[in-house]
Number of protein chains: 4
Amino acid sequence: MLNVTVWNENRHEQKNPVVRDVYPQGIHGAIASFLKSEQVEVKTATLDEPEHGLSEDVLNQTDVLLWWGHLAHNEVSDEIVEKVKKRVLEGMGLIVLHSGHFSKIFKTLMGTTCDLKWREADERERLWVVDPSHPIVEGIGEYIELEKEEMYGEHFDIPAPDQLVMMSWFEGGEVFRSGCTYQRGKGKIFYFRPGHETYPTYHNKDIQRVITNAVQWAKPTDRAMPVYGNAKPLEEIKPKN
Amino acid sequence: MLNVTVWNENRHEQKNPVVRDVYPQGIHGAIASFLKSEQVEVKTATLDEPEHGLSEDVLNQTDVLLWWGHLAHNEVSDEIVEKVKKRVLEGMGLIVLHSGHFSKIFKTLMGTTCDLKWREADERERLWVVDPSHPIVEGIGEYIELEKEEMYGEHFDIPAPDQLVMMSWFEGGEVFRSGCTYQRGKGKIFYFRPGHETYPTYHNKDIQRVITNAVQWAKPTDRAMPVYGNAKPLEEIKPKN
Amino acid sequence: MLNVTVWNENRHEQKNPVVRDVYPQGIHGAIASFLKSEQVEVKTATLDEPEHGLSEDVLNQTDVLLWWGHLAHNEVSDEIVEKVKKRVLEGMGLIVLHSGHFSKIFKTLMGTTCDLKWREADERERLWVVDPSHPIVEGIGEYIELEKEEMYGEHFDIPAPDQLVMMSWFEGGEVFRSGCTYQRGKGKIFYFRPGHETYPTYHNKDIQRVITNAVQWAKPTDRAMPVYGNAKPLEEIKPKN
Amino acid sequence: MLNVTVWNENRHEQKNPVVRDVYPQGIHGAIASFLKSEQVEVKTATLDEPEHGLSEDVLNQTDVLLWWGHLAHNEVSDEIVEKVKKRVLEGMGLIVLHSGHFSKIFKTLMGTTCDLKWREADERERLWVVDPSHPIVEGIGEYIELEKEEMYGEHFDIPAPDQLVMMSWFEGGEVFRSGCTYQRGKGKIFYFRPGHETYPTYHNKDIQRVITNAVQWAKPTDRAMPVYGNAKPLEEIKPKN
């Protein structure tokens with residue numbers, strides 16, 4: 001059994017009837033509902049819950065955490081961010097969605113500004129698969145087409161991904177590294193671009209498939225943490241002059 | 001059910017009683033026996049069989065191919081190598097073991113000489129895990145220690161691995177990139193250094209675990225092959241002056 | 001003084017007046033003329049010269065080789081390709097341009113099919129810089145725009161580049177990894193997408209700047225070749241039981 | 001003219017006569033003295049100067065910053081670290097030496113703990129070149145041998161380097177990724193392992209050559225910063241239903 005927690009800021013849903021209309025159970029509810037299966041237990045957590053719904057207990061029991069945030073990145077407590085980071089470096093998978101590029105947790109794990117170009121203009125996005133071997137794109141065709149999405153454009157200020165899985169084409173003339181994997185410590189991270197709150201992106205079957213695959217890919221590797229600090233020699237060291 | 005084929009040159013076993021003593025069923029037999037499980041069907045194939053045991057039928061039914069060769073790389077037919085390469089680029093996983101670094105199939109997939117330093121001197125090898133998140137090292141401690149192995153030393157003339165999973169320390173003073181992953185076409189490749197024919201390396205439980213993990217990691221991703229060649233536009237192209 | 005050789009198939013120029021009109025001195029002549037400087041000595045070589053203009057003397061004196069081919073990849077002799085490959089692995093820089101993706105030399109160095117989608121439709125290309133730190137894009141803005149180019153689309157069957165420097169947007173809806181670096185042996189390789197023979201791409205100042213920068217980036221590193229083969233231990237190896 | 005600033009904590013030198021004996025002008029003085037040339041202007045800065053010697057003026061005039069710290073990472077002000085980070089992301093090269101792995105600036109740019117194994121035992125280190133094409137190892141042989149150094153061992157908790165240039169062998173049985181490059185924003189970063197304060201490592205000609213090469217490699221790329229934020233479309237976006 002894999003334990004997944006879907007974290008959502010859950011603010012657009014409270015303020016904007018358009019978003020509520022697209023995601024009546026919230027973005028977290030929509031994602032949780034397609035991730036659930038006999039092998040995957042899914043919980044949700046949101047910003048306005050105590051500790052943002054991410055108590056140590058919850059984090060310790062989470063194998064893979066998904067993160068959607070936008071309006072209120074700064075309201076996420078630094079203390080919780082530190083705990084999430086520690087868990088990622090200890091092996092918990094992390095899947096950062098769309099505007100989560102500017103979340104504290106993503107920026108601190110990347111070490112860069114994670115800035116980009118953006119535009120809301122009901123424009124077409126086409127996500128092309130550039131690594132056809134990757135388990136994250138199992139079951140996906142040559143590209144995923146989304147009729148309307150927000151544009152995110154390069155330069156995207158991230159470290160070069162360990163593996164670049166998808167690249168986006170936008171109607172307005174830009175491109176973007178849309179599916180990026182990273183190893184950090186004992187953890188695996190996947191950034192996946194699409195998912196503006198006013199579009200039904202998380203109802204798209206291909207988008208659901210990518211996220212479902214990513215959860216499997218990001219699950220913890222079962223082994224002890226590395227040992228750090230002062231170390232006894234494993235071989236004899238000869239005296240020098 | 002995953003279909004695995006273990007290919008072995010199987011010449012040392014015929015010539016050298018020491019090797020036969022360590023691997024009475026051949027290196028292929030030893031590897032097949034620990035890979036077999038309810039979910040993994042394993043066959044073996046050797047150089048001296050017709051088509052080296054790698055007919056199109058066999059290749060088409062193989063999900064992951066393991067390759068051990070040393071003395072007789074040049075006796076492997078170019079035609080079979082081309083077929084194996086085509087299958088890898090179409091998605092079959094490939095795990096290249098030890099002296100397989102100089103096989104035709106590895107050299108043609110890497111594009112480099114794959115040359116290295118080597119020495120047979122009963123020396124200690126210690127394979128350190130440098131990517132603690134990788135599924136290939138699930139269940140493995142900080143390092144694997146082998147009391148006696150052949151030395152392979154840098155510079156190892158390979159493309160920089162997509163992921164460097166393990167690095168070796170040798171008693172005689174050298175280091176080596178010992179666990180290397182590559183994506184090529186729709187296929188995944190893992191090179192794993194240890195396994196000199198006169199040592200019981202493939203009887204070591206940790207070595208067995210790494211190879212077992214690698215088979216799972218390398219299995220094909222279930223999706224259609226990319227389409228190549230002349231392509232109709234997906235968007236209107238405006239006439240230019 | 002850096003010694004550069006620009007190799008061109010030089011067949012379109014003989015057959016097609018449109019190409020001759022765009023490149024009266026041939027594509028090789030156009031490239032040679034903007035690469036020449038007080039610090040850079042440039043020679044050209046073409047397919048129909050003896051040994052394709054790439055004798056051992058020429059190769060041995062070449063620091064960086066540029067390669068443009070398209071119609072006649074198969075007429076390039078395997079023997080010359082082997083010599084070029086050897087020189088690249090020994091340190092000669094190689095810059096592969098546009099349809100050179102299907103050249104024997106590029107395919108043998110990459111180990112993959114190097115296949116892609118393509119279309120000739122007078123469409124707009126926009127090459128976006130995704131690695132703003134790279135010396136190859138010194139002096140280049142956020143993107144290079146070409147009013148008319150041939151389209152090359154993903155999936156491009158290459159190994160994941162060591163560094164992805166530029167990505168293309170195409171009017172017809174595709175994307176492409178357009179500026180890719182590779183290390184192979186002691187040599188450095190840059191693949192650069194644009195340059196269809198009927199368009200004045202090599203007269204574009206930004207394209208010239210990228211190629212000029214790439215020549216500097218690809219120049220040989222001045223050090224001895226690694227030593228391969230049997231190696232004496234550098235440290236004492238203890239007898240084992 | 002390239003402007004280089006060598007930053008040193010400069011505390012061991014005040015406390016420990018052994019260190020003062022090895023580096024009478026301080027580690028910063030030793031490094032500055034071999035970096036200076038007609039083309040390279042070198043300044044030094046130390047922890048106990050106002051603003052640690054890293055005022056905005058100094059940072060703005062620095063092309064490449066070198067960083068040596070150990071005892072007093074926590075005394076470096078967060079504000080200065082933020083300014084250095086901003087400058088790196090804007091293009092200033094950064095070379096982090098030895099125990100600088102635990103500096104605030106390195107940890108915040110890497111996003112990981114940067115933890116490792118260590119031991120002070122007068123043991124031999126041998127740094128093997130694994131990327132023979134890299135300009136950072138120009139003029140360097142197959143390896144650099146240091147008779148006595150502090151050991152740093154894997155697992156080293158860093159992101160996988162963009163380019164792994166050198167790997168260390170240690171007498172006591174460990175290995176380490178010793179020469180690592182990273183691109184972050186518009187800046188280039190090089191981590192170089194050796195340099196324990198009680199050994200004459202920075203007097204070694206090969207070590208000096210690597211650092212001198214790294215300064216050239218890390219120098220800023222001369223181009224405008226990418227533009228981030230809301231972006232007008234470059235192409236017409238069609239109305240959707």
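Residues numbered from 1 in each chain as written. Chains lettered and ligands numbered in written order. Predicted model: local features only at pLDDT ≥ 70, side-chain atom pairs only at ≥ 80, totals over all residues. Heavy atoms only, no water.

As recorded in an unreviewed UniProt entry, chain A goes by ThuA domain-containing protein and comes from Halalkalibacter kiskunsagensis.

Student: Quick rundown of the overall build of chain A? Include the residues and the values.
Tutor: Counting secondary structure elements, chain A contains seven helices and 10 strands. In summary, chain A has a C-alpha radius of gyration of 19 Å against a globular reference of 18 Å for 241 residues, a match within 12%. Seen along its three principal axes, the alpha-carbon backbone of chain A occupies a region of about 75 × 40 × 35 Å. Counting every position in chain A, which comprises 241 residues, the buried fraction comes to 65%. (Helix = DSSP H or I, 4+ residues; strand = E, 2+ residues; numbered from the N terminus. Rg over C-alpha atoms; globule rule 2.2 N^0.38 Å. Buried < 20%, exposed > 50% of the residue type's maximum accessible area, 1.4 Å probe, protein only.)

Student: Go over the interface of chain C and chain B, please, and point to the residues and values.
Tutor: Reports often express the size of an interface as the amount of accessible area lost when the parts come together. Taken residue by residue, the interface counts 48 residues in chain C and 48 residues in chain B. The junction of chain C with chain B conceals about 3,700 Å² of combined surface from both sides, 53% of it contributed by carbon and sulfur atoms. For the pair chain C and chain B, the number of links is two salt bridges. Put simply, K240 of chain C and E171 of chain B hold a salt bridge, and the shortest N to O gap is 2.7 Å. Counting across the chain C and chain B interface gives 28 residue pairs in polar contact (both at pLDDT 80 or more). Elements that contribute at least two residues to the side of chain C that touches chain B include exactly α5 (78-89), α6 (104-110), β5 (117-129), β6 (143-153), β8 (175-184) and β10 (229-230) of chain C. Examining the composition of the side of chain C that touches chain B, we find that seven residues originate from one element, β5 of chain C, more than from any other. For the side of chain C that touches chain B, the residue count by class is 17 nonpolar, 12 polar and 19 charged. (Contact = heavy atoms within 4.5 Å. Buried area = accessible area lost by both parts, 1.4 Å probe. Salt bridge = Lys/Arg side-chain N within 4 Å of Asp/Glu carboxyl O. Polar contact = N/O pair within 3.5 Å; in protein donor to acceptor, adjacent residues only side chain to side chain. Nonpolar A, V, L, I, M, F, W, Y, C, P; charged D, E, K, R; others polar.)

Student: Tell me about the interface of chain A and chain D, and please be specific about residues and values.
Tutor: Each partner contributes residues to the interface: chain A has 48 residues there, and chain D has 48 residues. At the junction of chain A with chain D, the criterion picks out two salt bridges. Taken together, chain A and chain D are joined by 28 residue pairs in polar contact (both at pLDDT 80 or more). Residue assignment for the side of chain A that touches chain D shows that the elements contributing at least two residues are α5 (78-89), α6 (104-110), β5 (117-129), β6 (143-153), β8 (175-184) and β10 (229-230) of chain A. Top element by residues in the side of chain A that touches chain D is β5 of chain A. It accounts for seven residues.

Student: Tell me about empty space enclosed by the protein, residues and numbers included.
Tutor: This structure, assessed with the given rule, holds four cavities of 30 Å³ or more. By volume, the largest cavity is sized at about 160 Å³. Considering the residues around the largest cavity, the lining is formed by W169 and E171 of chain A, E235, E236 and K238 of chain B, W169 and E171 of chain C together with E235, E236 and K238 of chain D. Class assignment of the residues belonging to the lining of the largest cavity gives a composition of two nonpolar, no polar and eight charged. Roughly 50 Å³ of internal volume is contained in the second largest cavity. Forming the walls of the second largest cavity are E154 and H155 of chain B, R223 and P226 of chain C together with W128, V129, P132 and E142 of chain D. Across the lining of the second largest cavity, the residue classes break down as four nonpolar, one polar and three charged. (1 Å grid on protein atoms, 1.4 Å probe; cavity = no way out; pocket = protein on both sides within 12 Å on 5 of 7 lines; lining within 4 Å. Points joined across faces, edges and corners; volume = space filled by probe spheres on them.)

Student: Any chance you could break down the relation of the copies chain C and chain B for me, citing the residues and the numbers?
Tutor: Taken as rigid bodies, chain C and chain B are interconverted by a rotation of 180° and an axial shift of 0.0 Å, the fit giving an RMSD of 0.0 Å. Taken together, these values place the two copies in the relation of a two-fold axis. Looking at the rotation axis and the C-alpha trace of chain C, the residue lying nearest is G111 of chain C, at 2.5 Å. Of the interface residues in chain C, 100% have counterparts in chain B that sit at the interface too, so the contact is made through matching surfaces. (Least-squares fit on C-alpha atoms with pLDDT ≥ 70 in both.)

Student: Which residues make up the packing of aromatic side chains, and what values do they have?
Tutor: Here a ring pair, both rings aromatic, is described through the centre-centre distance and the interplanar angle of the planes. Residues and elements named next belong to chain A. Under the counting rule described, the total for this entry stands at 34 aromatic pairs over all chains. Summarising the aromatic geometry, the rings of F156 and Y191 are spaced 5.4 Å apart at their centres and angled 55° between planes, so their arrangement reads as tilted. Placement of the pair is F156 in the loop between β6 and β7 (163-170) and Y191 in strand β9 (residues 187-192), with a sequence separation of 35 residues. With a relative accessible area of 0%, Y191 lands in the buried category. Through a chain of ring-to-ring contacts, the aromatic side chains of F106, Y152, F156, F176 and Y191 assemble into a single cluster. The aromatic ring of Y152 is capped on one face by R193, whose charged end is 4.9 Å from the ring centroid. (Phe/Tyr/Trp six-rings, centres within 6.5 Å; stacked < 30°, edge-to-face > 60°. Lys NZ or Arg CZ within 6 Å of the ring centre and 35° of its normal.)

Student: Give me the confidence of the model for chain A: which residues, what numbers.
Tutor: Residue and element names in this part refer to chain A. Averaged over chain A, the pLDDT score is 98; the fraction of residues at 70 or greater is 100%. Confidence, expressed as mean pLDDT per element, reaches its minimum in chain A at helix α1 (residues 12-15) with 96 and its maximum at β9 with 99. Both confidence scores are given for the complex: pTM 0.98, ipTM 0.97. (pLDDT = per-residue confidence, 0-100.)

Student: So what's going on with the layout of surface pockets? Residues and values would help.
Tutor: Its volume calculated, the second largest pocket comes out at about 1,000 Å³. Lining of the second largest pocket is provided by 38 residues; of these, K85, K107 and T108 of chain B together with K85 and T108 of chain C occupy positions nearest its centre. Among the elements of the structure, α5 (78-89) and α6 (104-110) of chain B together with α5 and α6 of chain C are those that each provide at least two residues to the lining of the second largest pocket. For the lining of the second largest pocket, a count of residues per class yields 10 nonpolar, nine polar and 19 charged.

Student: Describe the pairing of strand β3 (residues 64-68) of chain C, listing the residues and the values that go with them.
Tutor: Residues and elements named next belong to chain C. By the criterion of burial, β3 is predominantly enclosed, with five of the five residues buried. On β3, burial covers both faces: V64, L66 and W68 on one face and L65 and W67 on the other are all buried. Summarising the sheet, strand β1 (residues 2-8) and β3 pair through five bridges and their orientation is parallel. In the sheet register, N8 faces β3, and the bridge partner there is W68. Of the pairings in the sheet, the one linking β3 to strand β4 (residues 93-97) comprises four bridges and is parallel in character. Within β4, the position partnered with V64 by the bridge is G93. Regarding the hand of the β-α-β motif, the stretch spanning β3, α5 and β4 is right-handed. (Pairing = 2+ DSSP bridges. Right-handed = clockwise from strand over helix to strand, strands pointing away.)

Student: Hey, could you go over helix α3 (residues 26-35) of chain A for me, with residue numbers and the actual values?
Tutor: All names here are of chain A. α3 sits mainly inside the fold: nine of its 10 residues count as buried. Looking at α3, one finds that the buried residues are G26, I27, H28, G29, A30, I31, A32, F34 and L35. Contacts made by the buried residues of α3 are with β1 (2-8), α1, β2 (40-46), β3 (64-68), β4 (93-97) and α7 (205-218).

Student: Kindly report on the UniProt feature "domain: ThuA-like" (unreviewed entry) in chain A, identifying the contributing residues and their values.
Tutor: UniProt marks residues 3-218 of chain A with the feature "domain: ThuA-like" (unreviewed entry), using the numbering shown here. Spanning residues 3-218 of chain A, this segment combines 27% helix with 33% strand, and its end C-alpha atoms are found 12 Å apart. (UniProt positions renumbered as here; feature names shortened; annotations may be inferred.)

Student: With reference to specific residues and values, describe the side chain of R119 of chain D.
Tutor: By the element assignment, R119 of chain D lies in strand β5 (residues 117-129). For R119 of chain D, the side chain forms a polar contact with the main-chain oxygen of A231 of chain A, separated by 3.1 Å. Of the polar contacts made by the side chain of R119 of chain D, one reaches the backbone oxygen of K232 of chain A; its length is 3.2 Å. Discounting chain neighbours no more than four positions away, the residues touching R119 of chain D are N230, A231, K232, P233 and I237 of chain A together with E150, M151, G172 and E174 of chain D.

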